[in-house]
Amino acid sequence: MHFGGIKAIDDVSFEVEKGRIFGIIGPNGAGKTTLFNLISGVYIPSSGVVASGDLVLNRLPPHRIVGTVVGRTFQNIRLFDDQTVRDNVKIALYCKTHYSLVDVLLSNRRLQREEKRIHEEVSATLDFLGLADKAGTKAGALPYGEQRRVEIARALASRPKMLLLDEPAAGMNAGEVDNLNRLIVKIRDTFDVTILLVEHQMRLVMEVCEEILVLNFGKMLALGRPEEIKNDERVREAYLGKAHRHEQA
């Protein structure tokens, strides 16, 4: 992905097995969120292919990608603050509704049947995330940690094959991070979903991810299991610099 002369993502190639929890880490500006934007269709790659199985995602508009493959959260929380928690999550399901404008105008049985299904699916998702008692609360009135969970609920509501979590632990305390760790594993196991996790909270990444990709200045720096990444000198240097490495030596 090139922006003029800037190569935000440059010759990055990797595969993620179905059902894995896959971490993407790197210093600020490494290209992590840009990579998520490519996968979710926000950006069209300057060259190359983004695919899920045989489906080429970069040929589809974002609303089609969300409706078929991907659900995501954002680095900065993007909720509708003046809408209820239920309505925020409900929005995610309208890419999979089976009624038309005519059905809405007539308020017929098809509309009522679909709205009942959506209500039930939203309720199940909120219950799973421990947000059932907050369904009628405006999203903007919730504490930060609960707003993060609402975003995860919205991303999960459309039952994606792939869930992209962009810094979900940002701003959380140690206890909240522990809860998030368990939640991520529970989501994977319950919904049989592949999870891609961008995160600066290294303890979370090392504990929950089965494989990790390290980006630096838009390029792949390393790819491997958590233990391999933890002991990789190139990764330490990217985060801490050469001077620190020599001091440690």
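Draft legend 1. Seen up close, the pairing of strand E3 (residues 21–25). The element E3 is extensively covered by neighbouring structure, given that five of its five residues are classed as buried. For E3 and strand E8 (residues 194–198), the ladder comprises four bridges, and the chain directions are parallel. Counterpart to Ile21 in the pairing with E8 is Ile195. Of the pairings in the sheet, the one linking E3 to strand E9 (residues 211–216) comprises four bridges and is parallel in character. Opposite Phe22, over in E9, you have Glu211 as the bridge partner.

Draft legend 2. Region of the structure containing the nonpolar core. Ranked by internal contacts, the top residues of the largest apolar core, which has 44 residues, are Ile184 and Ile187. Here the element with the most residues in this core is helix H6 (residues 144–157); it accounts for six residues. With sequence-adjacent residues up to four places away left out, Ile184 is seen in contact with Ile21, Leu165, Ile195, Leu197, Leu204 and Val208.

Draft legend 3. Geometry of the pattern of salt bridges. The full count for this structure, using the stated rule, is 19 salt bridges. In this structure, the salt-bridge partner of Arg203 is Glu207, at a minimum N-O distance of 3.9 Å. Highlighted residues: Arg203 and Glu207, both in helix H8 (residues 202–208), separated by four residues, approximately one helical turn. Relative accessible area serves as the criterion here: at 34%, Arg203 is assigned to the partly exposed category. Among the salt bridges present, the one from Glu227 reaches Lys230, with a minimum N-O distance of 3.9 Å. With Glu227 and Lys230 both in helix H9 (residues 226–230), this residue pair falls three residues apart, about one helical turn.

The rules behind these values
- Residues numbered from 1 in each chain as written.
- Predicted model: local features only at pLDDT ≥ 70, side-chain atom pairs only at ≥ 80, totals over all residues.
- Heavy atoms only, no water.
- Buried < 20%, exposed > 50% of the residue type's maximum accessible area, 1.4 Å probe, protein only.
- Helix = DSSP H or I, 4+ residues; strand = E, 2+ residues; numbered from the N terminus.
- Pairing = 2+ DSSP bridges.
- Core = buried A, V, L, I, M, F, W, Y, C linked by side-chain atoms within 4.5 Å.
- Contact = heavy atoms within 4.5 Å.
- Salt bridge = Lys/Arg side-chain N within 4 Å of Asp/Glu carboxyl O.

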